Amino acid sequence: MLLPASSLHPSTPALAASLIDDPFYQAVTIDFAHDEAMRMQVLQHYLDCAVREAQHGGLCHTPDDPRLGMAIWSLPRPADAEQADEEAKVAHLQTVLGPQGIDNYHRIIAFMGPRASGAELQGAWYLSILGIDPAAQGRGLGARLLAPALALADEAGVACYLETFSPRNESFYGRMGFHALASHLEPVTGAPYTVMVRPAQR
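Values in this document were obtained by computation on a predicted structure and should not be read as measured data.

Student: Would you mind showing me how to read the overall build of the protein here?
Tutor: Each helix and strand counted, the protein has seven helices and six strands in total. Counting from the amino terminus, the protein carries its helices and strands in the arrangement α-α-α-β-β-α-α-β-α-β-α-β-β. Over its C-alpha trace the protein gives a radius of gyration of 16 Å, about what one expects of a compact globule, namely 17 Å for 202 residues. Counting the 202 residues in the protein, one finds 45% classified as buried.

Set out below in structure tokens:
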């Protein structure tokens, strides 16, 4: 069930506009492929859920004008808290996504989970989403949105990591100190899926 647009976080339109062509988000909104406006609306609701989840157990950084985008981080929490939040998220997504989309979500997450693990990522902070309004891209806004969390991670002496389905993003994240840890061909999207890590700064 979709909420009124006025109830969504003001960053969600920019996030959706920047991510609408991402293979992961294409896959989870596939039921609305015939209606681009509806697909965008559904994606905004999906991303609003991610914002609210991060506000509960992570970090959210926006520009002075939040309509331009957001960086969303998940921080390590006890396993039972993470499981409870994931169950609540899935319950909500089942009311937003179509049947093929929620099935794709489960299949992709099942593929990603064991591949985004290991000693290098133990206790690491996770960059869940970075999205900038396409009209505001190319001005350094993405780097500025990442800077506060990266500085906090450096201060805490912890690593950071992210997952991307877009090879063109890797050079940007490389400039922010991330390097590719592993790459795989994700079967649902048919796209390359890369885990990138930024080691703890000592």
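Student: Can you walk me through the packing of helix H4 (residues 79-96) against helix H5 (residues 99-115) in this structure?
Tutor: Helix packing geometry: the angle between the two helix axes and the distance between the axes. Running from amino to carboxyl end, H4 crosses H5 at an angle of 155°, the nearest separation of the two axes being 10 Å. Comparing the axis directions of H4 and H5 gives the class roughly antiparallel. Across the interface between the two elements, Glu86, Lys89, Val90, Leu93 and Gln94 from H4 touch Ile102, Tyr105 and His106 from H5. Of the residues in the contact of H4 with H5, the class split is four nonpolar, two polar and two charged.

Student: Just to check I follow, could you spell out the packing of helix H3 (residues 36-57) against H4 for this structure?
Tutor: In the contact formed by H3 and H4, the axes pass within 10 Å of each other and the chain directions differ by 165°. Classified by the interaxial angle, the pair formed by H3 and H4 is roughly antiparallel. When you trace H3 past H4, the crossing you get is right-handed. Between H3 and H4, the contacting residues are Val42, His45, Tyr46, Cys49, Glu53 and His56 on the first element and Asp85, Lys89, His92, Leu93 and Val96 on the second. Grouping the constituent residues of the contact of H3 with H4 by class yields five nonpolar, three polar and three charged.

Scoring rules and cut-offs
Residues numbered from 1 in each chain as written. Predicted model: local features only at pLDDT ≥ 70, side-chain atom pairs only at ≥ 80, totals over all residues. Heavy atoms only, no water. Helix = DSSP H or I, 4+ residues; strand = E, 2+ residues; numbered from the N terminus. Rg over C-alpha atoms; globule rule 2.2 N^0.38 Å. Buried < 20%, exposed > 50% of the residue type's maximum accessible area, 1.4 Å probe, protein only. Axes fitted to C-alpha atoms, helices over the stretch in contact; angles between N-to-C directions. Parallel < 35°, antiparallel > 145°, perpendicular 65-115°, else oblique. Contact = heavy atoms within 4.5 Å. Nonpolar A, V, L, I, M, F, W, Y, C, P; charged D, E, K, R; others polar. Left-handed = near helix turned anticlockwise from the far one by under 90°.

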